[in-house]
Amino acid sequence: MTGFLLFATISDMSKSRICLCLTAKTVAEDLALIERYRPYIDLVELRVDLLDEDERLEIRDFPSKAGIPCILTIRRTVDGGEFSEGEAARSMLFARALAFANEDAHKNFAYVDFEEDFHISSLQDAALAYGTKIIRSFHDMKNPLPSIAAKLKEMRSSSFEIPKIAFMPHNLTDVIQMYREMQQFADSDQIVVAMGSIGLPSRILAYKFHSYLSYTSPEDLELKLTDIGHTDPKTLAETYHFHELNDETKLFGITGWPLKYTSSPKLHNDSFFREKMNAVYVPFKAEKASEAFEFANTFDVRGFSVTIPHKEEIIKHLFSYDKKVEKIGACNTVINENGVWIGYNTDCTGFEKALLEFIGAKNLKGRKVAIIGAGGAAKAVTYAIKEMGGKACIFNRTVGKARLLGKKYGFEYATLGSESIPLLKKYSEIIIQTTSKGMGSSEESNESNDPLWFYDFYGTELIYDIVYEPEVTPIMARAQKAGCRVRNGFTMLKYQGDEQFRLFTQEK
């Protein structure tokens, strides 16, 4: 997968490549990261600004030790790096790394990253003389660019330099605009990156943005990769099958906000791979449902999953929807059928199968259920409880929403608080947690991550939490400690995903 063809020119390569950002404090640690990810990467970026000061003396020999094409980067603080010693000191570091070029070009840095405003003719001449290509980079760590196309043309001063633009999108529309502008650069060499979690599609679908490479980071980086818009090389290669993506690849995805935790990409992409389908499922976080449709229409997305908080709002953007969406008032699956968007709800099907499997029953006749929350997921759960013959009470902080949902199905309703403990006890045989509380939280139970923090479990309750990340949520841990049987929402995710896959592909 890796190869020294990368030392020729970027235009020799028809596909985007995976670049691992090396951010360790020592050369030894960075070399270990290369060995760890070598099967998945095509080149690496050595972030010299992140190395300990004494380690910087070792950078000249780094390419020969790495055995893979390397980008030399010494990023300044103003551009999001950590080098603050001044330009004179930085110039000396660049010179030390590029000096004494080896006759074997493989042992030299393949690329050096100079910022747009950094022009030292001796360094530039040395790089070009030694066969090291210059990446001329521009960073805006806070804002999008009004015109990426104009900026690229301005930066493209010669064929010897590769312009790179990295900016911070404020919304998904900024990423869409970047994609549109990049379509005029299909035959040129450039690197473009929309940073942050909103920009993740620009990294997974780098080939669509005509960007030569996609930057990745180690999976155990201290920062959450989703927060900085990175993914790790293994995930990019094995979950998204980055190297196999092409213009014939069918696109699917998931939208929501803030969309920090989702296992749907792995589930669906594994299914595509298993069925030998040229398709990929990509997260695209949108604060507004309208942005999600703009993205889907622009990128020719064939279908997508919908999660918090758009399951209700998404309906008004649909051409039509099935009876379950109509009855439930929430939609979690959208399909492009002959150019129009059709909505479905597979949450209820997935939940029904998962819950009955958990409690070991064929239906809920004679069973009492406490439903925590009254949002889009709760609507599907409530519908399923009614269909299975159960009796329920809906508990929600905003009692008005609980009232509307309860009356629709002839169920009781109450506020979600200590004043409702007597009613909660009455319906506590099965407790279904449908809110986002506890999502991504590994902390002990508290008011911020446990919707039933005020309730003491008896040990007889059955707890089904639709949250699946983390594997054991705070409410589950507390209930389990009291002796309750618990289960997270992964089974619901899987079963509703099976139904989505059928809708996406017309395959079982």
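Scroll up to find the structure this text is about.
These numbers were taken from a predicted model, which means no experiment stands behind them.

Turning next to the overall build of the protein chain. Across its full length, the protein chain holds 18 helices and 20 strands. The C-alpha atoms of the protein chain give 26 Å as radius of gyration, which agrees with the globular expectation for 508 residues (23 Å, within 12%). Seen through its principal axes, the protein chain has C-alpha atoms that stretch 80 × 50 × 40 Å. Residues counted as buried form 56% of the 508 residues belonging to the protein chain.

In this section: the sheet that holds strand S11 (residues 301-306). The strand order across the open sheet built from six strands is S10-S9-S11-S13-S14-S12, with neighbouring strands paired in mixed fashion. Of all the strands in the sheet, just strand S10 (279-283) and strand S12 (320-321) have a single pairing partner and so form its edges. Across five bridges, the pairing between strand S13 (residues 333-337) and strand S14 (residues 340-344) is antiparallel. From the neighbouring strand, Glu337 faces S14, where its bridge partner is Val340. Those strands touched by helix H10 (residues 264-274) are strand S9 (250-255), S10 and S11, and its axis lies near 175° from that of S10. Those strands touched by helix H18 (residues 490-505) are S9, S10, S11, S13 and S14, and its axis lies near 10° from that of S13.

Here the focus is helix H11 (residues 289-298). With seven of ten residues buried, H11 lies mostly within the body of the structure. Within H11 the residues assigned to the buried category are Ala289, Glu291, Ala292, Phe293, Phe295, Ala296 and Thr298. Taken together, the buried residues of H11 touch helix H6 (172-182), helix H7 (200-204), S9, S11, S13 and S14. A positive phi of about 55° marks Asp300, the residue just after H11.

Another aspect to go through is the pairing of strand S4 (residues 111-115). In terms of burial, S4 is largely enclosed, as five of its five residues are buried. Residue alternation in S4 divides its side chains into two sets, Tyr111, Asp113 and Glu115 and Val112 and Phe114, and both sets are buried. One ladder, built from three bridges, connects strand S3 (residues 70-73) with S4; its direction is parallel. In the strand pairing of S4, Thr73 is matched with Asp113. Remark: the S3/helix H3 (residues 87-98)/S4 crossover connection has right-handed handedness. Sheet topology places S4 next to strand S5 (residues 133-140); five bridges connect them, and they run parallel. Each residue of the ladder has a partner; that of Val112, found in S5, is Ile134. Since S4 and S5 lie parallel, the crossover through helix H4 (residues 121-129) that links them has a hand, and here it is right-handed.

Quick look at unusual backbone geometry now. Residues Trp257 and Pro258 are joined by a peptide bond in cis, for which omega reads 10°. Secondary-structure assignment places Pro258 in the loop between S9 and H10. Cis geometry marks the peptide bond from Ile308 to Pro309; its omega dihedral reads 5°. With respect to the element layout, Pro309 can be found in the loop between S11 and S12. Not every positive phi belongs to a glycine, and Leu259 is a case in point at roughly 55°. Inspection of the secondary structure assignment puts Leu259 in the loop between S9 and H10. On the basis of relative accessible area, Leu259 is assigned to the buried category, the value being 14%.

With respect to the secondary-structure elements, His241 resides in the loop between helix H9 (233-239) and S9. For His241, the residues in contact, after removing those within four places along its chain, are Leu236, Asn269 and Phe273.

Another aspect to go through is the pattern of salt bridges. Per the stated rule, a full pass over the model turns up 30 salt bridges. As a salt-bridge pair, Arg76 and Asp117 come within 2.8 Å of each other at their nearest N and O atoms. Placement of Arg76 in the loop between S3 and H3 and of Asp117 in the loop between S4 and H4 is noted, with a sequence separation of 41 residues between them. Assessed through its relative accessible area of 12%, Arg76 is described here as buried. Through salt bridges with shared partners, a single ionic network connects Glu45, Arg75, Arg76, Asp79, Glu87, Arg90, Asp113, Glu115, Asp117 and Lys164.

Once that is clear, we can look at the sheet that holds strand S16 (residues 391-396). In a beta sheet, neighbouring strands pair by backbone hydrogen bonds and run either parallel or antiparallel. One open sheet accounts for six strands, arranged S17-S16-S15-S18-S19-S20; its pairing is parallel. The two strands at the open ends of the sheet, each matched to only one other strand, are strand S17 (412-415) and strand S20 (485-487). Along the sheet, successive strands turn relative to each other by an average axial angle of 20°, direction set aside. Sheet topology note: the strand S18 (residues 430-433)/strand S19 (residues 462-465) ladder contains four bridges and is parallel. Its bridge partner being in S19, Ile432 is matched across the sheet by Tyr464. Against the sheet, helix H13 (residues 347-359) makes contact with S18, S19 and S20, and its axis sits at roughly 150° relative to S19, the strand it touches most. The strands touched by helix H15 (residues 399-409) are S16 and S17; relative to S17, the strand with the most contacts, the crossing angle is about 175°.

Basis of the calculations
- Residues numbered from 1 in each chain as written.
- Predicted model: local features only at pLDDT ≥ 70, side-chain atom pairs only at ≥ 80, totals over all residues.
- Heavy atoms only, no water.
- Helix = DSSP H or I, 4+ residues; strand = E, 2+ residues; numbered from the N terminus.
- Rg over C-alpha atoms; globule rule 2.2 N^0.38 Å.
- Buried < 20%, exposed > 50% of the residue type's maximum accessible area, 1.4 Å probe, protein only.
- Pairing = 2+ DSSP bridges.
- Contact = heavy atoms within 4.5 Å.
- Axes fitted to C-alpha atoms, helices over the stretch in contact; angles between N-to-C directions.
- Right-handed = clockwise from strand over helix to strand, strands pointing away.
- Salt bridge = Lys/Arg side-chain N within 4 Å of Asp/Glu carboxyl O.

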